[in-house]
Structures are given as structure tokens and as C-alpha cells.
Amino acid sequence: PLHSSRIFLRWYSDKEFGIFPRLTAIVYVRDGEVQGIAWDDACVFCDAKRCQENTYTFDGEQVSLAEPTKGCYYTKAECDDIHSKGGDECDLTLHVVWTGTDTNGNFLTSSNKRYSAFNPKQIRDQLSDAINSILPDVDWPWLK
């Protein structure tokens, strides 16, 4: 059975701050049954001044937990500007990962691939290696 005490909400849009476009849900499973859902650290996408609390109960009360509760945001004005220029940075991106075991006792391992499992330098290095393998003769100063 699903334990509601382990499930909290994250807003995509918040009147006070704006848009929180990147969310990662971690689904906890035991023997093939979902036990709960937690949210991963969404502040890996921005610096500290863009990182705000974004975890709530089903009654709309903000919660303070030992697990990550914050996310990166864009203001509505920034998203309007981005959208008017054809950008999609404010579109919702929901990444779902699984941890625990299936009905056969096999371990679910996609939670090892969540964004917070990698530090920003690792992500930048992987991106740099991928781009350089495709376009080896182009100098990308922003990847250094």
C-alpha cells in the first residue's frame, strides 16, 4: 500500500517565486509495491540565490524534512521573456527514477542516474566530452 506520509507535493508554478521547471521524483518500491515518493534535490541546476523551498503537504503547508525540499525557479517575467524568444527552459521537465526491489527481488537502479548524484563538474565534463566527440574542431569557451 502507498504510504501518504512519504508523499509530498512540489509546485511547478508558485505565485510568490515563479516557475520551478525541473523536478525529479524518486519512487520507493518494495517487492514491486510503491511505498512512497520523494523529491530529489532540484538545486543542482542553479546557484543558491535561485534555490527556494518547494515542498508541501497535501494541505498546502510548506514542510521541512531531512531530505531535499528546494528547487530552482525562474520568475514569471523571465519565463514570459524566454517563451517569447522561443525558449523552453521554463517548460516542465519531470525526471522519474526508481529505487527498491521488483516482485522478483531485483534491485531497481535508475535512482543512481538522478541529477543530484553527479556534481556540476562531472555533468560539465560529460557534456564537454560528448560535444567534443561530435564537433572536435570547435572551441567551446563555456565548457572550460
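Definitions and cut-offs
Residues numbered from 1 in each chain as written. Predicted model: local features only at pLDDT ≥ 70, side-chain atom pairs only at ≥ 80, totals over all residues. Heavy atoms only, no water. Phe/Tyr/Trp six-rings, centres within 6.5 Å; stacked < 30°, edge-to-face > 60°. Helix = DSSP H or I, 4+ residues; strand = E, 2+ residues; numbered from the N terminus. Buried < 20%, exposed > 50% of the residue type's maximum accessible area, 1.4 Å probe, protein only. Lys NZ or Arg CZ within 6 Å of the ring centre and 35° of its normal. Patch = residues over 30% accessible without salt bridge, like charges linked within 9 Å, V, L, I, M, F, W, Y side chains within 5 Å. Areas by Shrake-Rupley, 256 points an atom, 1.4 Å probe, with all protein chains shown as cover. Salt bridge = Lys/Arg side-chain N within 4 Å of Asp/Glu carboxyl O. Contact = heavy atoms within 4.5 Å. pLDDT = per-residue confidence, 0-100. Disulfide = S-S within 2.5 Å. Polar contact = N/O pair within 3.5 Å; in protein donor to acceptor, adjacent residues only side chain to side chain.

Thoughts on the packing of aromatic side chains
Tallying each qualifying case throughout the model produces 2 aromatic pairs. Relative to Y56, the ring of W11 has its centre 5.2 Å away and its plane inclined at 40 degrees; by these criteria the two rings are tilted. Taken as a pair, W11 in the segment before strand 1 (13-14) and Y56 in the loop between strand 5 (51-53) and strand 6 (70-72) lie far apart in primary sequence, 45 residues in all. Here F20 and Y73 contribute two aromatic rings whose centre-to-centre distance is 6.1 Å and whose plane-to-plane angle is 50 degrees, an arrangement assigned as tilted. Here Y73 lies in the loop between strand 6 and helix 1 (76-84) and F20 lies in the loop between strand 2 (18-19) and strand 3 (22-30), a separation of 53 residues in the sequence. A relative accessible area of 1% means that F20 is categorised as buried. A cation sits over an aromatic face here: R50 above Y73, 5.3 Å from the ring centre.

What to know about a nonpolar patch on the surface
Taken together, the side chains of Y12, V34, L92, L94, V96 and W98 define a hydrophobic patch exposed on the protein surface, amounting to about 510 Å² of accessible area. Looking at which element gives the most residues to the nonpolar patch, the answer is strand 7 (residues 93-101), with 3 residues. The topology assignment puts V96 in strand 7.

Examining the environment of I82
Tracing the backbone shows I82 in helix 1. Judged by its relative accessible area of 18%, I82 is buried. Contact partners of I82, with chain neighbours within four places excluded, come to Y74, G87, D88, E89 and C90.

Let's talk about the confidence of the model for the protein
With 76% of its residues at a pLDDT of 70 or more, the protein shows a mean pLDDT of 79. Mean pLDDT per element in the protein: helix 2 (residues 120-134) is the minimum at 64, and helix 1 is the maximum at 94. Taken together, the stretch residues 1-5 has pLDDT below 50 and engages in 8 contacts with residues farther than four places along the chain or on a different chain.

Overview of the environment of K70
With respect to the secondary-structure elements, K70 resides in strand 6. Given a relative accessible area of 35%, K70 falls into the partly exposed group. Every residue in contact with K70, bar those within four places of it in the chain, is listed here: R10, A42, C43, C51, Q52, E53, N54 and T55.

Some remarks on the state of the cysteines
This structure, assessed with the given rule, holds 3 disulfides. A disulfide bridge connects C43 with C51, and the sulfur atoms are separated by 1.7 Å. With the S-S dihedral at roughly 75 degrees, the linkage between C43 and C51 falls on the right-handed side. The buried category is assigned to C43, whose relative accessible area is 15%. For the protein, the bonded cysteines connect in the pattern 1-3, 2-4, 5-6 when numbered consecutively along the sequence.

Side note on the environment of E78
In this fold, E78 is placed in helix 1. Judged by relative accessible area, E78 falls into the partly exposed class, the value being 28%. Spatially, the C-alpha atoms of E78 and G18 are 8.8 Å apart, while their sequence positions differ by 60 residues. Only 2.7 Å separates the side chain of E78 from the backbone nitrogen of T75, close enough to count as a polar contact.

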